[in-house]
Structure formats: C-alpha cells, structure tokens
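Overview (structure and organization)
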Amino acid sequence: MLTPEERAELDEMRSHYPTVRAASVSVLKWLQKHRGHLSDESMRDAADYLGLPVAELDGLATFYNLLFRQPVGERVICLCDSISCWMCGSDRIREHIENRLRLRMGGTSADGRFTLVPVVCLGNCDRAPSMIVGDELYDDLTPEKVDEILGLSDGTNAGAHGGDHD
Amino acid sequence: MGRTPAHTGVIMTEITPVLTANIEPGRAPLDCAGYERAGGYAAVRKALGEMSPDQLLDLVKESNLRGRGGAGFPTGMKWGFVPQGDDSPNPKYLIANGDEMEPGTFKDRLLIHGDPHQIVEGMILSAYAVRAPVGYIFLRPEYERGADLLHHAIAEAEAAGYLGKNILGSGFDLELHPHVSAGRYICGEETALMNALEGRRPNPRSRPPYPAISGLFGKPTIVQNIETLSCVPHIVNNGAKWFRRLGLGDDAGTKLYCVSGKVKRPGIYELPIGVTLRELVFEHCGGMLDGLEFKAAIPGGAATMLMTPEELDTRLDFTSLDKAKNRLGTAGVIVIDDHTCIVGISLNLQSFFARESCGWCTPCRDGISWIVDILRDLEEGRGEPGDAELLMREMKMIGPNAFCALAMGAEGPMVSALEKFPEEFETHISGGGCPYERPPALPPQSN
C-alpha cells in the first residue's frame with residue numbers, strides 16, 4: 001500500500017507527463033529508489049496507482065537494465081563490459097570484484113552489501129575500464145582502485161562469512 | 001575518486017571549436033547569463049525575430065547538416081516531412097535523443113554535461129522550424145546529473161523568456177521536459193524511444209509510418225540527436241555556407257570524434273568533418289600506445305564495419321564511408337591493436353547485440369545468440385572447419401529478416417571481421433582456440 005506521502009510525491013511526478021501510462025517508468029524507478037528493488041508488492045502498488053495491469057508493468061520492469069525485480073545489495077556495481085572497456089581489461093576487473101566479494105556477475109555478496117551487474121557502454125570509453133557504483137562514476141580502474149572504491153583496502157573480503165558458491 | 005562526467009578530456013586542435021567552444025573540462029557549464037555573454041540565444045532572437053519557420057527550415061536544408069546520431073539522414077529534409085497547415089495533426093513533438101549507449105560513443109555526455117543551454121537553444125530553433133510546441137529530452141539513466149543540469153537550464157531559459165508562451169513576442173510557444181530512462185540500448189532507436197516515452201514496452205515500431213508523419217502519441221514527431229541539435233544555433237548565427245565550408249570532404253560542419261582503444265591520447269576531438277582515420281589516430285591521438293601496432297578500427301560505434309590499415313586514408317565522413325560500404329555512425333572510433341583478437345572483438349560485440357536485442361522478433365533474438373555460441377566455441381577451442389562460412393551465412397540471413405535495424409547493426413562488424421580478417425578465424429579453428437592473451441590485460445598505468 002502506498003502511504004499518502006508516497007502518493008503525493010507520485011502525483012507530482014505524474015503531472016509532468018501527458019498520460020498516466022507515460023509516467024510508468026518514472027513511478028517504477030521512484031519505488032525502486034525508495035524501497036531497494038521492485039518487489040511483487042511494489043509492482044501491485046504501481047499497478048494500482050497507475051490503473052494498469054501488473055503484467056504490463058512487469059513488461060517494463062523486466063525490460064529495462066536498471067529496474068531490479070530481485071533484491072539487490074546496498075550498493076549496485078554496474079561494470080561496463082562493452083567493446084572499449086573489454087579491450088582495456090574489464091574482464092580482469094570483473095574477476096577481481098568476483099573474487100574479492102565472493103560472488104559471480106549478477107550476484108549479491110553474502111553480507112548483502114554489493115550486487116555486481118554488467119552495464120552497456122557508459123559513454124566514458126576514453127578512460128576505460130569504467131563502472132558506476134551507486135550514482136558515482138569511476139574509471140581508469142585497477143584492482144587497487146576498485147578495492148579503495150569498495151572500501152576493501154584493508155585486505156578483508158566482503159561477504160567473507162560464507163559466499164553462496166565456491 | 002568519483003568525478004563529474006563533465007571532466008571528460010577535450011582536446012582542441014587546429015580549428016576554432018564550435019560545439020565545444022563553451023566547454024572546459026572540470027568547470028561547471030555556463031549558466032544562462034554566461035551563455036548569453038558567449039553569444040548564446042542570439043540565434044533564437046534572430047530566428048524568432050527575423051525568420052519564418054520555413055526560412056529556418058530552408059537554411060538548415062542548405063547547410064547540409066546530417067544527423068549525428070548514427071544514420072546521417074539530412075536534417076532539413078526530415079523536418080520537411082512534417083505535415084503543416086491548418087488541417088495538419090497537432091501538437092507536433094520534438095524529441096532530443098540523449099540515450100547515448102552506442103559502444104565507443106561519448107560525445108553527447110560531453111555536450112549534455114558541458115553546455116546544456118546549447119542543447120536548449122538548438123531545441124528551441126528546431127521546434128520553431130517544425131512548429132512543435134512540446135519537446136522531450138530523452139536521457140539514459142547513467143546521465144542523471146545531465147538531467148539536473150538540463151532541468152536547471154530549462155528553468156533559466158524560461159525565466160529569461162526563451163521558453164514558455166509567446167517566446168520573445170513571436171507568438172511561438174514551447175515547453176521542454178527531460179525524461180530519464182531506465183537503461184536499454186534499443187531505446188535509442190527512434191520508434192522504440194517513442195514507445196518508451198509513452199510508457200509502453202520499448203519494442204521498435206514498424207516504419208512506415210515514419211515518426212515525422214505519425215510518431216509520439218500518433219502525432220508528427222521529429223527525433224534528433226543531441227549533437228545535431230547543438231549544431232543548429234551555429235548555422236543560424238553563421239550561415240549555411242559557413243557550415244558547409246567547415247567540412248573537409250563532401251559533408252558539412254565539425255564533428256565530435258570520440259576515440260577510444262589503444263591510442264596514446266584517447267578522448268573527444270572536435271575536428272572538421274572529413275579528417276582521415278590516419279590523421280585522427282596518428283596525429284591528433286598521438287599514435288598507438290608504445291609497442292603496439294594498428295590492426296583495425298571501428299569508425300562509428302559497435303554497429304559499423306572494421307577498417308584495416310589499408311583504409312587509414314579514408315575520410316571519416318558520411319559520404320566517404322558510405323562509398324567504402326561502411327558508415328560514419330556516431331563517429332565513436334574504436335582503435336584496435338595487434339595484440340587484440342578479432343574473434344574476441346566479434347564475440348564481445350555480438351554478445352552486446354544479443355543482450356540488448358529487445359526480443360521482439362525471432363531472427364534477432366535467437367539468431368544473434370546463436371552467433372555468440374559459435375564465436376564462444378571458436379574462442380574456447382571448440383571451433384570446427386566451416387564455422388567461418390556458417391557465421392557469414394547466418395549473419396547475412398539474420399539482418400535482412402529482422403524487424404528493426406539492431407540486427408543489421410550486428411551484421412556490419414561481424415561480416416567485415418570475416419571478410420577482412422579471415423586468417424584470425426582460421427587460426428582459432430586450426431590452433432584449437434584463441435592464441436591471444438585472455439582476457440585482455442589492463443592498459444599500462446601512465447601515472
């Protein structure tokens with residue numbers, strides 16, 4: 001259920017669009033931002049608010065790369081794997097992150113702090129490899145720089161209490 | 001360590017910058033007053049004060065401005081397709097396409113974060129020419145700070161009287177709205193973009209009808225790339241002849257060349273359109289990184305064809321690359337060295353297209369995934385004689401049978417890799433896998 005406060009904020013957002021449907025993506029993004037991911041309950045809330053079938057909104061939620069229907073970690077790492085970053089070693093960065101956080105691409109660390117997902121070219125190709133963590137862009141990545149960004153410079157692995165894979 | 005995206009290095013060479021004149025890496029973009037002091041909004045005053053929409057449209061036609069988003073379609077001609085007159089459909093819409101996701105392309109990031117008022121001014125002029133009272137700016141979510149900058153620029157422009165009702169007493173009304181997407185490459189395709197803006201699943205629409213006739217909400221709609229729109233104020237200020245003379249070959253204007261890959265100085269270069277690949281790589285970018293040889297380049301983002309060392313003297317403009325059966329695309333030039341595997345490049349590019357396929361039509365959804373499987377087999381030593389021929393045959397079947405241009409985009413780099421570097425595919429088959437360092441190493445640290 002949306003609270004009256006949530007409803008008021010969504011009303012403001014909706015006023016910028018010529019139709020209710022056109023506001024769908026912004027409503028879903030807003031719910032995700034405030035609730036972490038798009039749970040079934042959030043999808044029902046959005047459908048109720050917009051007066052659209054849940055299935056139609058699910059068609060949107062499952063379409064966009066940055067809408068998450070599954071729970072994600074506190075900080076989502078979006079690592080670019082497009083051509084310029086790949087050529088400049090982004091797979092090495094991916095391997096490093098996977099090892100340090102004990103997860104695989106698409107997974108979340110056991111302590112729930114991080115999720116690693118691939119992202120399409122971030123438009124930052126002259127400083128490859130690049131990634132976004134939260135809302136922040138980082139580039140010219142090295143394993144040392146990644147540790148610093150993720151707060152792992154003390155040598156401990158995040159999620160060290162037991163990863164969900166070998 | 002995090003930095004604002006406006007810090008992307010711009011390196012100016014040889015010409016007086018046009019589109020990047022107001023952009024200084026590391027500095028916030030000009031506000032409205034600063035932009036006006038730099039000559040900004042003079043074009044709006046001139047056009048709305050002295051020119052009819054048709055005169056402006058003719059000027060842009062005469063300038064030979066071609067779309068910078070990848071297709072290179074003549075801008076003025078596209079505007080001319082919008083039905084006008086008392087019985088024509090209203091409202092008409094203008095959309096700025098800032099969904100920059102073409103791999104290797106980072107010019108719109110610079111323009112959005114570096115000079116948002118230039119985009120607003122370009123939109124006012126373009127909307128006036130096609131008589132559109134509403135404009136949307138479609139942005140990828142990773143450029144969200146750009147949306148803040150554009151919201152701010154729009155508010156400033158409204159306060160200064162350049163947006164809103166009866167702009168500068170001309171009788172022309174315009175409102176602009178940024179929309180931040182949630183990330184998907186196909187949304188950059190103009191019909192998918194319009195579905196996205198309507199809140200529908202962004203599968204592309206069939207064309208015809210073209211958006212200029214029936215687009216957003218079924219109304220006449222013009223979709224232009226951010227860089228294209230940014231050119232318009234300068235054409236109004238300096239004239240069509242001036243713009244045409246900027247080009248070195250048959251095309252007009254300057255071009256933001258985005259160079260990435262294994263060169264000494266990657267970055268964005270604003271240069272006269274029509275520099276050769278050799279000048280760009282070996283003069284402006286300082287040549288290849290030490291110890292590396294030039295093997296290939298992709299001239300305009302992931303959806304264009306590989307170029308070989310024999311093609312270094314080709315001009316990087318629409319006309320020359322069309323003649324070379326290639327495309328300028330976005331001018332996102334990706335430079336590939338002799339230590340990088342062409343099969344690996346192909347696998348990366350096809351994996352990108354497979355992942356970003358919207359899934360609407362079978363040839364694209366299932367076909368490109370199959371191409372990826374074959375390429376992965378080649379890389380991992382499971383290739384078989386005949387695989388190169390199979391790739392060529394299947395790829396040529398996928399593109400023309402797919403619903404939109406995404407699969408045709410995938411075809412270009414794949415077919416050109418097979419045609420221009422057949423020995424690399426053979427080596428992978430006969431040698432039992434990839435002979436190159438895998439995965440590719442990080443670049444040497446310069447600092």
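Residues numbered from 1 in each chain as written. Chains lettered and ligands numbered in written order. Predicted model: local features only at pLDDT ≥ 70, side-chain atom pairs only at ≥ 80, totals over all residues. Heavy atoms only, no water.

1. Description of the overall build of chain B
Secondary structure summary: chain B contains 17 helices and eight strands in total. Computed over C-alpha atoms, the radius of gyration of chain B comes to 22 Å, within 12% of the 22 Å expected from 2.2 N^0.38 for 447 residues, which places it in the range of a compact globule. Taken along its principal axes, the extent of the C-alpha atoms in chain B is 75 × 45 × 40 Å. By residue count, 62% of the 447 residues in chain B fall in the buried class. Sequence-distant contacts, at least 24 apart, represent 70% of the contacts inside chain B between residues at least 6 apart. Working note: accessible area of chain B is about 16,000 Å², and carbon and sulfur atoms make up 51% of it. Both charge centroids of chain B, one from 43 positive and one from 57 negative side chains, sit 3 Å from each other. (Helix = DSSP H or I, 4+ residues; strand = E, 2+ residues; numbered from the N terminus. Rg over C-alpha atoms; globule rule 2.2 N^0.38 Å. Buried < 20%, exposed > 50% of the residue type's maximum accessible area, 1.4 Å probe, protein only. Contact = heavy atoms within 4.5 Å. Areas by Shrake-Rupley, 256 points an atom, 1.4 Å probe, with all protein chains shown as cover. Lys, Arg positive; Asp, Glu negative; His and termini not counted. Charge placed at Lys NZ, Arg CZ, Asp CG, Glu CD.)

2. So, the pattern of salt bridges
Taken as a whole, this structure holds 38 salt bridges over all chains when the rule is applied. The salt bridge partner of B:Arg131 is B:Asp54, with a shortest N-O separation of 3.5 Å. Placement of B:Arg131 in the loop between helix 6 (116–130) and strand 2 (134–139) and of B:Asp54 in helix 3 (residues 53–63) is noted, with a sequence separation of 77 residues between them. Residue classification places B:Asp54 among the partly exposed positions, given a relative accessible area of 41%. Each of the salt bridges in this network shares a partner with another, and the network as a whole consists of A:Asp81, B:Arg184, B:Arg355 and B:Glu356. (Salt bridge = Lys/Arg side-chain N within 4 Å of Asp/Glu carboxyl O.)

3. Here's the deal with the interface of chain A and chain B
As a measure of interface size, the accessible area lost when the parts come together is often cited. Facing the 54 residues of chain A at the interface are 65 residues of chain B. Between chain A and chain B, the buried area comes to about 4,800 Å², and carbon and sulfur atoms account for 58% of it. Of all residues in chain A, A:Phe63, A:Ile83 and A:Met87 give up the largest surface area on contact with chain B, accounting jointly for 16% of the area buried on that side. Applying the counting criterion to the chain A and chain B interface returns three salt bridges. The salt bridge partner of B:Glu437 is A:Arg92, with a shortest N-O separation of 2.9 Å. Applying the counting criterion to the chain A and chain B interface returns 21 residue pairs in polar contact (both at pLDDT 80 or more). Every element with two or more residues in the side of chain A that touches chain B is listed here: helix 2 (24–35), helix 4 (54–61), helix 5 (83–87), helix 6 (90–101), strand 2 (114–119), strand 4 (136–138) and helix 7 (143–149) of chain A. A breakdown of the residues in the side of chain A that touches chain B according to their chemical character gives 28 nonpolar, 13 polar and 13 charged. (Buried area = accessible area lost by both parts, 1.4 Å probe. Polar contact = N/O pair within 3.5 Å; in protein donor to acceptor, adjacent residues only side chain to side chain. Nonpolar A, V, L, I, M, F, W, Y, C, P; charged D, E, K, R; others polar.)

4. Focus on the pairing of strand 6 (residues 267–272) of chain B
All names here are of chain B. Counted residue by residue, strand 6 has six buried out of six residues, so it is predominantly covered. Bridge count between strand 5 (residues 254–261) and strand 6: six bridges; the pairing is antiparallel. Paired with Tyr 257 across the strands is Tyr 269, a residue of strand 6. Linking two consecutive strands that pair antiparallel, namely strand 5 and strand 6, is a turn of five residues. (Pairing = 2+ DSSP bridges.)

5. Some remarks on the domain arrangement of chain B
All names here are of chain B. Annotation of chain B at the domain level lists domain 1 (32–244), domain 2 (247–337) and domain 3 (342–430). The gap between the C-alpha centroids of domain 1 and domain 3 is 35 Å. Opposite the 10 residues of domain 1 that make contact, domain 3 presents 10 residues. Across the domain 1/domain 3 interface, buried area totals approximately 920 Å², and carbon plus sulfur atoms make up 67% of it. (Domains from an automatic or database assignment.)

6. Observations concerning the state of the cysteines
A disulfide bridge is the covalent bond that connects two cysteines by way of their sulfur atoms. As enumerated under the stated definition, the model contains zero disulfides over all chains in all. As a non-bridged cysteine, A:Cys125 has A:Cys121 as the owner of its nearest cysteine sulfur, 3.5 Å distant. Between B:Cys434, a free cysteine, and B:Cys341, which holds the nearest cysteine sulfur, the sulfur-to-sulfur gap is 3.7 Å. (Disulfide = S-S within 2.5 Å.)

7. Points about the nonpolar core
With 119 residues, the main nonpolar core has B:Leu56, B:Val120 and B:Phe425 as its most contacted residues. Broken down by element, this core gets its largest block of residues, nine residues, from helix 6 of chain B. If near-sequence neighbours (up to four positions away) are discounted, B:Val120 is found in contact with B:Tyr41, B:Leu150, B:Ala153, B:Ile154, B:Ala157, B:Leu163 and B:Leu176. Membership of the second largest hydrophobic core comes to 36 residues, among which are A:Leu2, A:Leu50, B:Leu193 and B:Leu197. (Core = buried A, V, L, I, M, F, W, Y, C linked by side-chain atoms within 4.5 Å.)

8. Overview of the environment of B:Glu24
Residue and element names in this part refer to chain B. One can find Glu 24 in the segment before helix 1 (32–37). Residue class for Glu 24 comes out partly exposed when judged on its relative accessible area of 45%. Spatially, the C-alpha atom of Glu 24 lies 49 Å from that of Gly 381, the residues being 357 residues apart in sequence.

9. Here's the deal with the packing of aromatic side chains
Residue and element names in this part refer to chain B. Counted by the stated rule, this structure contains 13 aromatic pairs over all chains. Judged by centre distance (6.1 Å) and plane angle (40 degrees), the ring pair of Tyr 93 and Tyr 136 falls under tilted. Placement of Tyr 93 in strand 1 (residues 93–98) and of Tyr 136 in strand 2 is noted, with a sequence separation of 43 residues between them. Taken as a pair, Tyr 93 and Tyr 136 share a single burial class, namely buried. Geometrically, the ring pair formed by Trp 360 and Phe 403 is edge-to-face, given 6.4 Å between the ring centres and 65 degrees between the ring planes. Of this pair, Trp 360 sits in the loop between helix 13 (342–356) and helix 14 (362–379) while Phe 403 sits in the loop between helix 15 (387–401) and helix 16 (406–420); the two residues are 43 residues apart in sequence, bridging distant segments of the chain. Residue classification places Phe 403 among the partly exposed residues on the basis of a relative accessible area of 38%. (Phe/Tyr/Trp six-rings, centres within 6.5 Å; stacked < 30°, edge-to-face > 60°.)

10. Section: a nonpolar patch on the surface
Nonpolar side chains collect at one region of the surface, where B:Phe73, B:Met77, B:Phe81, B:Tyr210 and B:Ile213 lie side by side and expose about 480 Å² of accessible area between them. Within the element layout of this structure, B:Phe73 appears in the loop between helix 3 and helix 4 (75–80). (Patch = residues over 30% accessible without salt bridge, like charges linked within 9 Å, V, L, I, M, F, W, Y side chains within 5 Å.)

11. Some points on the sheet that holds strand 7 (residues 294–298) of chain B
Residue and element names in this part refer to chain B. Taking strand neighbours across the sheet as the criterion, the four strands line up as 6-5-8-7 in an open arrangement whose pairing is mixed. Each edge of the open sheet carries a strand with a single partner, namely strand 6 and strand 7. Neighbour to neighbour, the strand axes of the sheet diverge by 30 degrees on average, direction disregarded. (Axes fitted to C-alpha atoms, helices over the stretch in contact; angles between N-to-C directions.)

12. Remarks on the sheet that holds strand 2 of chain A
Residue and element names in this part refer to chain A. The strand order across the open sheet built from four strands is 2-1-3-4, with neighbouring strands paired in mixed fashion. Two strands bound the open sheet, and with one partner strand each, they are strand 2 and strand 4. Along the sheet, successive strands turn relative to each other by an average axial angle of 25 degrees, direction set aside. Of the pairings in the sheet, the one linking strand 1 (residues 75–80) to strand 2 comprises six bridges and is parallel in character. Across the sheet, the residue bridging to Leu 79 is Pro 118, located in strand 2.

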